[in-house]
Amino acid sequence: MFRLAMAISVVLVATMFAPTIAAQELNVEPTPALLPPPQPLIIAHRGASGYAPEHSMAAVAIAHAQNADFIEQDVVLTRDHVPVVLHDLVLDRISNVRDVFPEKHRPNGHYYVMDFSFSELQQLKLIERSNKEGEQRYKKRFARDQGHFHVMSLGQQIELILGLNRSRDHNSGLYVEFKSARWHKNHEYDLVNSTMGVLARYGFTEAEPPAPIYLQSFDPEVLRRLKREFMTSIPLIQLIAENSWNESEVDYNTMRTAAGLETLRSYAQGIGVWVNHVYLGLDENGKPKFSDVVKNAQAAGLEVHVYTLRADDLPEGVESYQQLKQWLTELGVDGFFTDFPDL
């Protein structure tokens, strides 16, 4: 019986090591097990904006509860130079400003954030975004006539995230965008300086910030200034738009080329690129088509963060949110902005 057991053991050991031995004899390395692609960063787009009004306290808290890696802050300035977290320069589509300050619009009929003090903004309610016709843009999201959400300053949102990082033992980072810095400058407001002042106050300009952070802008001069004047070591993301959006004077079509992407490495750690610049629809066989922008950016040493994934607004040809997420993951993107951090 003992001899039989020994024989079985020898056979098992030989079987286990046979591929390695054979590979060594042929001077060939054993084939490693295939690893799944790394998971991209989940960046909560204006907070968990699929569940609560964008940039509201509720959207931030929900994004944190859903363990987002980063939570985005779009930043503009008030009349008294307070950086506030709002996507638009105007309040028309995301607040009840017409009800509270009906006469405080400019001749073009718009209510500009810059024309209000921070204390005046506190009198407004943030509501779900409307379209040009004044109807709720995403019909199945939080009802526009419900809730009591208020405009947050950048400082308030930082304190909320840092507080949740501590109480929940989950370290969500900041992802700050300077909105229309050139427009602010034309009105003699320095959005970059004011925003960096708040970040410095909370320790984000130190060698070891209290949480991870990215800074982003569509305007390359903003990012170059951060390097040149502020000598920041915070990772910078060059956002890439469609030229028709008029985000800056740069030619984004040229920026998206391999040569254009190569030039960004002098000041940026990565790019933020529109999902429609990456996914190009389906081919004649029903297979997804992709541009070379991800491959070319990563060849230039740049991270690639794609915006924006929405479960209720999928690109043409995409059957589900999970399908789009899987395609982008397999493509090798480093992160994506999403209204639904939990999906």
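The rules we used
Residues numbered from 1 in each chain as written. Predicted model: local features only at pLDDT ≥ 70, side-chain atom pairs only at ≥ 80, totals over all residues. Heavy atoms only, no water. Buried < 20%, exposed > 50% of the residue type's maximum accessible area, 1.4 Å probe, protein only. Helix = DSSP H or I, 4+ residues; strand = E, 2+ residues; numbered from the N terminus. Contact = heavy atoms within 4.5 Å. Pairing = 2+ DSSP bridges. Axes fitted to C-alpha atoms, helices over the stretch in contact; angles between N-to-C directions. Parallel < 35°, antiparallel > 145°, perpendicular 65-115°, else oblique. Left-handed = near helix turned anticlockwise from the far one by under 90°. Nonpolar A, V, L, I, M, F, W, Y, C, P; charged D, E, K, R; others polar. Polar contact = N/O pair within 3.5 Å; in protein donor to acceptor, adjacent residues only side chain to side chain. Phe/Tyr/Trp six-rings, centres within 6.5 Å; stacked < 30°, edge-to-face > 60°. Lys NZ or Arg CZ within 6 Å of the ring centre and 35° of its normal.

Please clarify how helix H12 (residues 321-331) should be interpreted in this entry.
Working note: α-helix, 3.6 residues per turn, so residues spaced by three or four point in the same direction. For H12, the full list of buried residues reads Tyr 321, Gln 323, Leu 324, Lys 325, Trp 327, Leu 328 and Thr 329. If you follow the buried residues of H12, they end up packed against strand S8 (279-282), strand S9 (288-290), strand S10 (303-309) and strand S11 (335-338). Following H12 by one or two positions, Gly 332 has its phi on the positive side, about 100°.

In this structure, what is going on with the pairing of strand S1 (residues 41-44)? I would like to understand it.
Note on strand geometry: in a regular strand, side chains alternate between the two faces of the sheet. Sheet topology places S1 next to S11; four bridges connect them, and they run parallel. Residue pairing in the sheet places Leu 41 in a bridge with Gly 335 of S11. Direction of pairing for S1 relative to strand S2 (residues 70-77): parallel, over a ladder of two bridges. When the bridges of S2 are listed, Ile 43 appears paired with Phe 70.

Help me understand the packing of helix H2 (residues 57-65) against helix H5 (residues 154-168) in this model?
Each packed pair of helices is defined by two parameters, the angle between the axes and the distance between the axes. Where H2 meets H5, the closest approach of the two axes is 11 Å, and the angle between their N-to-C directions is 30°. By the angle between their directions, the pair H2 and H5 is classed as roughly parallel. Of the two elements, H2 crosses H5, and the hand of that crossing is right-handed. For the pair H2 and H5, contact is made by Met 57, Val 60, Ala 61, His 64 and Ala 65 and by Gln 157, Leu 160, Ile 161, Leu 164, Asn 165 and Arg 168, respectively. Per-class residue counts for the contact of H2 with H5 are seven nonpolar, three polar and one charged.

Can you walk me through the environment of Val 304 in this structure?
Mapped onto the elements, Val 304 comes out in strand S10. Among the residues examined, Val 304 registers a relative accessible area of 1% and is labelled buried. Excluding residues within four positions of it along the chain, Val 304 makes contact with Ile 271, Val 273, Val 294, Ala 297, Gln 298, Val 333, Asp 334 and Gly 335.

Explain the side chain of Ser 172 to me, please; I cannot follow it from the model alone.
Looking at the element boundaries, Ser 172 is found in the loop between H5 and strand S4 (173-178). The buried category is assigned to Ser 172, whose relative accessible area is 0%. Engagement of the side chain of Ser 172 in a polar contact is seen with the backbone oxygen of Ala 68, the distance being 2.7 Å.

Hey, could you run me through the packing of aromatic side chains in this one?
Given two aromatic rings, their pairing is described by the distance between the two centres and the angle made by the two planes. Scanning all chains against the criterion turns up 13 aromatic pairs. Taken together, the ring pairs connect Phe 70, Tyr 175, Tyr 214 and Phe 337 into an aromatic cluster. Over the face of the ring belonging to Phe 116 we find Lys 104, whose NZ or CZ atom lies 5.3 Å from the ring centre. Positioned above the aromatic ring of Tyr 112 is the side chain of Arg 106, whose terminal nitrogen or guanidinium carbon lies 4.2 Å from the ring centre.

Function cannot be inferred from these measures alone, as they are strictly geometric.
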